[in-house]
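So the chains spell out like this:
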Amino acid sequence: ARMGYKILALPPVLQLHLIRIEFDPYRGMGVKINDWYEFGNEIDLTKYVEKSDGNDVYVLHSVLVHSGDVNGGHYYAFIRPNPAEGDKWYKFDDEIVTEAKPKQAVDDNFGYGGEAIADADNNHPMVTSNNIKKCTSAYWLQYIRKDHVNTVLEPVSDEEV
């Protein structure tokens, strides 16, 4: 007998939650995982869909970022208003909205993979070999099916609100 899952169809908008919190039984508490996880501007899920029409290709629309640890921190988002029109990103950080480079929106949020951001001489859980590890990473990704971008992101009229 074989067990498994079959994906029959995928939605126009795909939300991927990157589980970055786990319980550490040695510390008896939750810890944030900032490990390197590389995600692309485009993902092709065609081979995972049982009866795919060959159009299960998604483009990255937004990246929700968490900076901090399991006990606190700050959330902000990078949004690409129309992925079909290029790589123009905006950073939404509380009430401040600024234009962002693609590297800031995507590459800078893969996690740390050993990258250090400062030297330290203390015994904080984020410190390894006297280096404080980067604590900013993508937490949630939103992709839009490539052939649905224009309909999902079409302008909304006043009557529709």
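Above this text sits the structure in question.
Reading guide: rules and limits
- In this convention, every chain numbers its residues from 1, walking through the sequence in written order.
- This being a predicted model, a pLDDT of at least 70 is required before a residue's local features are given, and a value of 80 or more before pairs of side-chain atoms are given or counted; all residues contribute to the totals for chains, interfaces and linings.
- Computation of side-chain values covers all heavy atoms of the structure but excludes hydrogens and water.
- Strands pair, by our definition, only if DSSP identifies at least two bridges between them.
- Segments assigned H or I by DSSP are reported as helices when at least four residues long, segments assigned E as strands when at least two residues long, and all are numbered from the N terminus.
- Pairing of aromatic rings covers Phe, Tyr and the six-membered ring of Trp, with a centre-to-centre limit of 6.5 Å; geometry is then stacked below 30 degrees between planes, edge-to-face above 60, and tilted otherwise.
- Here, a charge over a ring means that NZ of Lys or CZ of Arg falls within 6 Å of the ring centre while also lying within 35 degrees of the ring normal.
- Among the buried residues, those of types Ala, Val, Leu, Ile, Met, Phe, Trp, Tyr and Cys that are joined through side-chain atoms within 4.5 Å form a nonpolar core.
- Between buried and exposed lies partly exposed: a residue is buried under 20% and exposed over 50% of the maximum accessible area for its type, with that area taken using a 1.4 Å probe on protein chains only.
- Any Lys or Arg side-chain nitrogen located within 4 Å of an Asp or Glu carboxyl oxygen qualifies as a salt bridge.

Undergrad: Honestly, the pairing of strand S3 (residues 29-32) in this entry has me stumped. Any pointers?
TA: As a general feature of sheets, a regular strand has side chains that alternate between the two faces. Note: strand S2 (residues 21-24) against S3, four bridges, orientation antiparallel. Across the sheet, residue Phe 23 finds its bridge partner in S3, namely Gly 30.

Undergrad: Would you mind showing me how to read the packing of aromatic side chains here?
TA: Remark: the centre distance and the inter-plane angle together describe each pair of aromatic rings, the angle taken between the planes. Applying the stated criterion to the full structure yields four aromatic pairs. Ring centres 5.2 Å apart and planes at 75° place the aromatic pair Trp 36 and Phe 110 in the edge-to-face group. Separated by 74 residues along the polypeptide, Trp 36 in the loop between S3 and strand S4 (42-44) and Phe 110 in the loop between helix H1 (102-105) and strand S9 (116-119) bring together distant segments of the chain. In this structure, Lys 91 packs its charged tip against the face of Tyr 76, placed 4.5 Å from the ring centre.

Undergrad: It is not clear to me how the pairing of strand S7 (residues 89-93) should be interpreted in this structure. Could you clarify?
TA: Where strand S6 (residues 72-79) and S7 come together, three bridges link them in antiparallel fashion. Bridged to Ala 77 within S7 is Phe 92. Looking at chain direction, S7 and strand S8 (residues 96-100) are connected through five bridges and run antiparallel. Each bridged residue has a counterpart across the sheet, and for Lys 91 the counterpart in S8 is Thr 98. Following S7, the chain reverses through two residues before pairing antiparallel with S8; Asp 94 in that reversal takes a positive phi of roughly 55°.

Undergrad: Looking at this structure, I do not really get the nonpolar core. What am I missing?
TA: Looking at soluble globular proteins, one finds that nonpolar side chains tend to be buried together. Residues Phe 39, Leu 60, Val 63, Phe 78, Trp 89 and Leu 141 are the most contacted members of the largest nonpolar core, which totals 20 residues. Breaking this core down by element, the ones donating at least two residues are strand S5 (57-69), S6 and strand S12 (136-145). The element best represented in this core is S5, accounting for four residues.

Undergrad: Got a minute to help me understand unusual backbone geometry in this structure?
TA: The bulk of non-glycine residues show a negative phi, and the bulk of peptide bonds are trans. Here the phi dihedral of Asp 94 falls at roughly 55°; this positive angle occurs in a residue that is not glycine. For Asp 94, the position within the fold is in the loop between S7 and S8.

Undergrad: Would you take a moment to explain the pattern of salt bridges for this structure?
TA: Side chains carrying opposite charge are able to pair once their charged atoms draw close together. Applying the stated rule across the entire model yields eight salt bridges. One salt bridge connects Glu 42 with Lys 146, and the closest N-O pair in it is separated by 2.9 Å. Placement of the pair is Glu 42 in strand S4 and Lys 146 in the loop between S12 and helix H2 (149-152), with a sequence separation of 104 residues. Relative accessible area serves as the criterion here: at 43%, Glu 42 is assigned to the partly exposed category.

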